[in-house]
Amino acid sequence: MAGKKIRVTIWNEYRHEKEEEPSGESYPEGIHGCIRNFLSECDDLEIRTATLDEPDCGIPDEVLDNTDVLMWWGHVAHNKVPDDRVEYIRNRVYNGGMGFIACHSAHHSKPFRALVGTTGNLSWGDNCHEIIWNLKPSHPIAAGIPDHVDLGLEEMYGEPFYIPQPDDLIFGCWYDSGHIFRGGCTFTRGLGKIFYFQPGHEECRSFYNPYVQQILKNGVHWVAPNDFGYKNPCEAPYVKPVV
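What comes next is a walk through the structure. (Residues numbered from 1 in each chain as written. Predicted model: local features only at pLDDT ≥ 70, side-chain atom pairs only at ≥ 80, totals over all residues. Heavy atoms only, no water.)

Among the seven residues of strand S1 (residues 6–12), six are classified as buried, and the element is accordingly described as predominantly covered. Where S1 meets strand S2 (residues 45–51), seven bridges bridge the pair, whose relative direction is parallel. Bridge pairing in S2 links Thr 9 to Arg 48. Where S1 meets strand S3 (residues 69–73), five bridges bridge the pair, whose relative direction is parallel. Bridged to Val 8 within S3 is Val 69. (Buried < 20%, exposed > 50% of the residue type's maximum accessible area, 1.4 Å probe, protein only. Helix = DSSP H or I, 4+ residues; strand = E, 2+ residues; numbered from the N terminus. Pairing = 2+ DSSP bridges.)

In the structure shown here, the tally under the stated rule is 10 salt bridges. Ionic pairing is found between Arg 7 and Asp 68, a salt bridge with its closest N-O pair at 3.0 Å. In this pair, Arg 7 is assigned in strand S1 and Asp 68 in the loop between helix H4 (61–65) and S3, connecting sequence segments 61 residues apart. In this structure Arg 7 comes out as partly exposed when scored by relative accessible area, which is 25%. When the shortest N-O distance is used, the salt bridge between Arg 85 and Asp 84 registers 3.1 Å. Look at Arg 85 and you get buried, because its relative accessible area is 6%. For Asp 84, a relative accessible area of 47% corresponds to the partly exposed category. It is possible to trace a salt-bridge network through shared partners that takes in Arg 15, Lys 18 and Asp 53. (Salt bridge = Lys/Arg side-chain N within 4 Å of Asp/Glu carboxyl O.)

As a further point, take a nonpolar patch on the surface. On the surface, Trp 133, Leu 135, Leu 169, Trp 174 and Ile 180 cluster together to form a nonpolar patch covering roughly 460 Å² of accessible area. Within the fold, Trp 174 resides in strand S7 (residues 168–175). (Patch = residues over 30% accessible without salt bridge, like charges linked within 9 Å, V, L, I, M, F, W, Y side chains within 5 Å. Areas by Shrake-Rupley, 256 points an atom, 1.4 Å probe, with all protein chains shown as cover.)

What follows deals with the sheet that holds strand S4 (residues 99–103). A sheet is described by the order of its strands in space; here nine strands give the open sequence S2-S1-S3-S4-S9-S8-S7-S5-S6, paired in mixed fashion. The sheet terminates laterally at S2 and strand S6 (148–158), the two strands that pair on one side only. The sheet shows a mean angle of 25° between the axes of neighbouring strands, direction not considered. Here S4 runs beside strand S9 (residues 192–197); their pairing, made up of four bridges, is parallel. The partner of Phe 100 across the bridge, within S9, is Ile 194. Along the sheet face, helix H3 (residues 30–39) touches S1, S2 and S3 and points at about 155° away from the line of S1. (Axes fitted to C-alpha atoms, helices over the stretch in contact; angles between N-to-C directions. Contact = heavy atoms within 4.5 Å.)

Let us now look at helix H7 (residues 210–223). For H7, which comprises 14 residues, the first-to-last C-alpha distance of 20 Å matches the rise-based estimate of 20 Å (1.5 Å per residue) to within 8%. For H7, the buried fraction is high: 10 of the 14 residues fall into the buried class. Looking only at H7, the buried set comprises Val 212, Gln 213, Ile 215, Leu 216, Lys 217, Asn 218, Gly 219, Val 220, Trp 222 and Val 223. Capping the start of H7, Asn 209 holds a side-chain oxygen 2.8 Å from the backbone nitrogen of Tyr 211, two or three residues further along. (Expected span 1.5 Å × (residues − 1). Polar contact = N/O pair within 3.5 Å; in protein donor to acceptor, adjacent residues only side chain to side chain.)

Moving on: the nonpolar core. Membership of the largest hydrophobic core comes to 67 residues, with the highest contact counts inside it found for Phe 100, Phe 171 and Phe 207. Sort the elements by how many residues they give to this core and H7 lands first, with six residues. Those residues in contact with Phe 207, other than ones at most four positions away along the chain, are Tyr 27, Ile 31, Cys 34, Ile 35, Phe 38, Trp 73, Cys 103, Pro 199, Gly 200, Val 212, Gln 213 and Leu 216. (Core = buried A, V, L, I, M, F, W, Y, C linked by side-chain atoms within 4.5 Å.)

Now the structure itself:
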């Protein structure tokens, strides 16, 4: 992507913030608006937002074809996303190299499940005091992040987390309830890279935490595609042997 801006689409179902007062107070511009605001601090990113109630859920073919990184937040309306949009996202990741970032309850989103191939089920509970531990500080997504981040109150997500074995386990979450969780994981699928990151409950203010913001900025840059591959993924060009 050298010399080009990374084209980021931030997708949010945008239900809680419009319908529930605590969420609306925490994110008056919507979760997607909050994320857009801090990602806009990066000069090399070109950002658009999309929500469920827009035509084609805000992600028609032409939007996805011009997206390098798709960031996803959903919770109560996973089933409202049409299967044809999910398959198009999967194809863009596998064959087009589009990066995908699943935030918080997007572990149950249709795109994340289709990409990793498992249910994404986990244990969950009420808001608890959470500490994020940096388990792999050498990873690019962990750049600039201390050995731990005290997140304050966040919704408890606990093991077992039904995902495939991650390529990298970068962050682990601990809660004062005693639960632990693999809260920052990467996967490779086809030509694309995927990052799952746990914080982001709609009633909590985790997206305002500067370290959470830095992790997501790092994540966008890490999952962004390189300049590789063929315009047509079915191409298999013939190369004459060297004599």
